[in-house]
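Examination of the molecular architecture
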Amino acid sequence: MLRQELLLAVLDANAAGLNQVERDGISFTHPVHLTVLATMNPEEGVLPQHILDRFGMYVDVEGETEIEHRVMIMRRALAYGSDVASFRKEYAESTQELATRIAAAVKLLPQIQLSDAMLILAAQMVSQALCAGHRAEIYLLEAAKALAALAGRSYVLPKDVE
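Below, the structure is looked at part by part. (Residues numbered from 1 in each chain as written. Predicted model: local features only at pLDDT ≥ 70, side-chain atom pairs only at ≥ 80, totals over all residues. Heavy atoms only, no water.)

1. Description of the pairing of strand β1 (residues 18-23)
The condition that has to hold: Any two strands are treated as partners once DSSP identifies two or more bridges connecting them. Secondary structure elements follow DSSP: runs of H or I no shorter than four residues count as helices, runs of E no shorter than two count as strands, and numbering proceeds from the N terminus.
The pairing of β1 with strand β2 (residues 26-31) spans six bridges and is classified as antiparallel. Bridge pairing in β2 links Val21 to Phe28. Taken together, β1 and the strand that follows it, β2, pair antiparallel across an intervening segment of two residues, in which Asp24 is found at a positive phi of about 50°.

Encoded structure:
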């Protein structure tokens, strides 16, 4: 588990856009932009609210329960483990199609419009989830815009926010 003071230092550097390193007489500052991805086991404890607020998104991951899906996961994992090159070749076309869709979405993203209704919906959802601060609304709306762009739309629908 990452110590909280180290996690806060990473989050602060990212928020400021700068990382300053000072050690053994060396002083160096460089720009930083990163996305912090973290996993957490609830059995290890809960992070304080002021740290949880620094994360814009939370995903609850549960194990697959349907047998056919579990078998498919095992087959793919075994195929990848036994022959990475063949595995990549098998999925190269679908991977390229996805990359093309993502590139188009990135170009469309600046044009995405957020209606007042979507702002209100986001605020309601975040309020019901008892989120601290306002980062949750911002990240939720950014994710909704990304989904709309991926769908090729210049507007956000309630399903994107949900």
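Alright, that's what it looks like, and here's the rest.
2. Quick word on the nonpolar core
Condition: Take the buried Ala, Val, Leu, Ile, Met, Phe, Trp, Tyr and Cys residues and link them wherever side-chain atoms come within 4.5 Å; each set so joined is a nonpolar core. Think of it in three bands: residues with accessible area under 20% of the maximum for their type are buried, residues over 50% are exposed, and the middle band is partly exposed, with areas taken using a 1.4 Å probe on protein chains only. In this description, contact between two residues means that some pair of their heavy atoms is separated by no more than 4.5 Å.
Of all hydrophobic cores here, the largest spans twelve residues; its members are Ala105, Leu108, Ile112, Met118, Leu121, Ala122, Leu141, Ala144, Ala148, Ala149, Val156 and Val161. Where this core is concerned, the elements lending two or more residues are α4 (84-108), α5 (116-128) and α6 (135-150). For this core, the element with the most residues is α6, which contributes four residues. Leaving out residues up to four positions away in the same chain, Ala105 has contacts with Ala149 and Leu150. Grouped together as the second largest cluster of nonpolar side chains are five residues, Leu7, Leu11, Leu47 and Phe55 included.

3. Here's the deal with the packing of α5 against α6
So the rule is basically this: Here an axis means a line fitted to C-alpha atoms, over the contact stretch when the element is a helix, while the angle between two N-to-C directions is reported on a 0 to 180 degree scale. Under this scheme an angle from 65 to 115 degrees is roughly perpendicular, one under 35 degrees roughly parallel, and one over 145 degrees roughly antiparallel; angles in between are oblique. Left-handed describes a crossing whose near helix is turned anticlockwise from the far helix by less than a right angle; the clockwise case is right-handed. Under the scheme applied here, ten amino acids are nonpolar (Ala, Val, Leu, Ile, Met, Phe, Trp, Tyr, Cys and Pro), four are charged (Asp, Glu, Lys and Arg), and all others, including Gly, are polar.
Look at α5 against α6: their axes get within 9 Å of each other, and the N-to-C directions meet at 130°. Considering their axes alone, α5 and α6 lie oblique with respect to each other. Here the hand of the crossing between α5 and α6 comes out right-handed. Only Ala136, Glu137, Leu140 and Leu141 of α6 make contact with α5, whose side of the interface consists of Met118, Leu119, Ala122, Ala123 and Val126. For the contact of α5 with α6, a count of residues per class yields eight nonpolar, no polar and one charged.

4. Comments concerning the environment of Ser115
Tracing the backbone shows Ser115 in the loop between α4 and α5. Given the relative accessible area of 35%, Ser115 is considered partly exposed. For the pair formed by Ser115 and His134, sequence separation is 19 residues and the distance between their alpha carbons is 18 Å.

5. As for the packing of aromatic side chains
This is how the line gets drawn: Stacked, edge-to-face and tilted are the three classes for Phe, Tyr and Trp ring pairs, Trp counted by its six-membered ring, which pair at centre distances within 6.5 Å; planes under 30 degrees apart are stacked, over 60 edge-to-face, the rest tilted. A ring is considered to have a charge above it if a Lys NZ or an Arg CZ atom is located within 6 Å of its centre and within 35 degrees of its normal.
Counted according to the given criterion, the structure contains two aromatic pairs. Seen from their ring centres, Tyr80 and Phe87 are 5.3 Å apart, and the 85° between their planes marks the pair as edge-to-face. Of the residues examined, Tyr80 reaches a relative accessible area of 38% and is grouped as partly exposed. Joined through ring pairs, the aromatic side chains of Tyr80, Phe87 and Tyr91 make up one cluster. One residue, Arg153, lies across the ring of Tyr155, its end atom 5.6 Å from the ring centre.

6. Some thoughts on α5
For clarity, the threshold we go by: Given a helix with a known number of residues, its expected span is that number minus one, times 1.5 Å. It is the directions from the helix axis to the C-beta atoms that the arc portrays.
Between the first and last C-alpha of α5 there are 18 Å, a value that for 13 residues agrees with the 18 Å anticipated at 1.5 Å per step. Residues of α5 that are buried include every one of Met118, Leu121, Ala122 and Val126, and no others. One face of α5 carries all of its buried residues, which in axial projection span an arc of 125°. Looking at α5, the residues exposed on the side facing more than 90 degrees away from the buried face are Asp116, Ile120, Ser127 and Gln128. As for α5, its buried residues are in contact with α6 and α7 (158-161). Leu130 sits one or two positions beyond α5 and adopts a positive phi of about 60°.

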